Structures are given as structure tokens and as C-alpha cells.
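Residues per chain are reported as follows:
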Amino acid sequence: MSHESAKSLLEQHKERHFTAGEIVRDIIIGVSDGLTVPFALAAGLSGANASSSIILTAGIAEVVAGAISMGLGGYLAAKSEADHYMRELKREEEEIIAVPDTEAAEIAEILSQYGIQPHEYAPVVNALRKNPQAWLDFMMKFELGLEKPDPRRALQSAFTIAIAYILGGFVPLIPYILIPIARKALVASVLATILALLIFGYAKGHFTGNRPFRSAFQTALIGAVASAAAFGLAKAVQG
């Protein structure tokens, strides 16, 4: 295999790996909140004897506001990561110019931590010193542990989280669209949402490497506790 072929394969693998991880993370954030928050709101309003139409209106308003808020949060988080990377990149670039011997010594120290002997890493250090861009990339990855962020990451994160929140948020609200009696709609909403939480929790456990069944149980339990607390609080306030 040629050097160019190997480089191409590695770049494709890295891109799939990191992009998939970030997208899965955003989906988990959006769906988990989308299933839980509107579910708890609908349960609380049902406990206050609100009608299905009122619960539906409030639920849709919450889903829209929540999607915007969560999406904006994802955008700002990704933007902050990108800004942090650029600040560190500029500082590292200045250090390479101002104190090249110190930075070269840091390369040697990093490589020695992997069990590489001085006579083995000396040519690597010299080669990097002749290539400032490669030197800079090496220091960012191995000294600071920072990967260059995708410039599209902030908008991608915002839209992914917002859409996932909307999809999750409408699961507990669908029964209130179909059933005009709030009490009956609540029962259907509980069943639909718990089932969705179990499925989502299982999928989350599968993709994150955790135990799928345990993840399913924990996710459903959190949603059930949140809705029960909201329903009980509404009953207590009303009574």
C-alpha cells in the first residue's frame, strides 16, 4: 500500500469516527430532553385537570421553545470549542517561533512517554522542526490533545439537537391530539413515552458502549420519575 493510499484511508476512517460520535451525542442530548420535558409538562397539566387542547397548546409551545433553546446551546458549545482551539493554535504558533528549542524538547518528551528512545525520536524531532505546519499540528494533537474542529460543526450541532428535540417532544403529545379527554390521553401518553424511552435508552446504550438493557431501564426510570413528580406537584398545588 502506498503512502498516499494509507493516508487517504486513515483520513476517511477518522472523519467517519469523529463525525458519527458527535452526531450520536447531539441526537442523545436532543431526544432525551425532548422525550422527558414535554412528557413531564403534559403530566403536570393533566394533574391540574387541564383539557387536552390546553395541554397540547402548552406542549407544542414548550417543544418549539425547547428546540430553539437546546439548538442554541449546542451552537454556542460547539462555537466555544472552535474559539478555544483557535486561541490555543495561535499561542502554540507563537511559542514555536519564540522558543523553538523548548518546543522541540517538548516533542522529545512526548515521544519518550511512548517508550521511544532518544536515538529513535531525534530524526522525528528534526524532521518536524523543518516543517512548521506539521510541527504545529503535532503539538496541538499530542501536547494539548486538541483536534481541529469542523467549521460546520456549530450549525450542524444546533440543527441536530433541535430536530432531535422536536421528534422526541412530539411523542408524549400525540395522544393529546388523538384523544380529547385528558385523563385517557395521559394514560396513552405515559405508555407511548415509556416505550419510546425504553427503545431510545436501549439504542443509546448500544451506540455508547454501555449495557443496552440497563441504559433502557435508567432512561425510562428518569422519564417516569420526572412525569410522576410533575403530576404529583400539580395535584398538590391544586388540592
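Residues numbered from 1 in each chain as written. Predicted model: local features only at pLDDT ≥ 70, side-chain atom pairs only at ≥ 80, totals over all residues. Heavy atoms only, no water.

### Regarding the confidence of the model for the chain
And step 1. Within the chain, residue pLDDT values average 83, and 90% of them lie at 70 or more.
And step 2. Within the chain, helix α6 (residues 153-170) carries the highest mean pLDDT (93), whereas helix α1 (residues 3-47) carries the lowest (73). (pLDDT = per-residue confidence, 0-100. Helix = DSSP H or I, 4+ residues; strand = E, 2+ residues; numbered from the N terminus.)

### Brief notes about the packing of aromatic side chains
And step 1. Within the structure shown, the criterion is met by two aromatic pairs.
And step 2. Ring plane angle 75 degrees and centroid distance 5.2 Å describe the contact between Tyr202 and Phe213, whose orientation is recorded as edge-to-face. Residue Tyr202 is found in helix α8 (residues 182-208), and its partner Phe213 is found in helix α9 (residues 212-238); the two are separated by 11 residues along the sequence.
And step 3. A relative accessible area of 37% places Tyr202 in the partly exposed class.
And step 4. The class of Phe213 is exposed, set by a relative accessible area of 67%. (Phe/Tyr/Trp six-rings, centres within 6.5 Å; stacked < 30°, edge-to-face > 60°. Buried < 20%, exposed > 50% of the residue type's maximum accessible area, 1.4 Å probe, protein only.)

### Re the nonpolar core
And step 1. If you look at the biggest cluster of nonpolar residues, it comprises 17 residues, and the most contacted ones within it are Ile107, Val125, Trp135, Phe138 and Met140.
And step 2. Those elements that provide at least two residues to this core are α2 (52-98), α3 (100-112), α4 (118-129) and α5 (132-143).
And step 3. With 11 residues, the next largest nonpolar core counts Ala42, Ile55, Val63 and Tyr176 among its residues. (Core = buried A, V, L, I, M, F, W, Y, C linked by side-chain atoms within 4.5 Å.)

### Observations concerning α5
And step 1. An ideal rise of 1.5 Å per residue puts 16 Å on 12 residues; α5 measures up with 15 Å between its terminal C-alpha atoms.
And step 2. Of all the residues in α5, the buried ones are Trp135, Leu136, Phe138, Met139 and Met140.
And step 3. Looking at the buried residues of α5, the elements they touch are α2, α3 and α4.
And step 4. Once α5 finishes, Gly145 follows within two positions and takes phi at roughly 70 degrees, a positive value. (Expected span 1.5 Å × (residues − 1). Contact = heavy atoms within 4.5 Å.)

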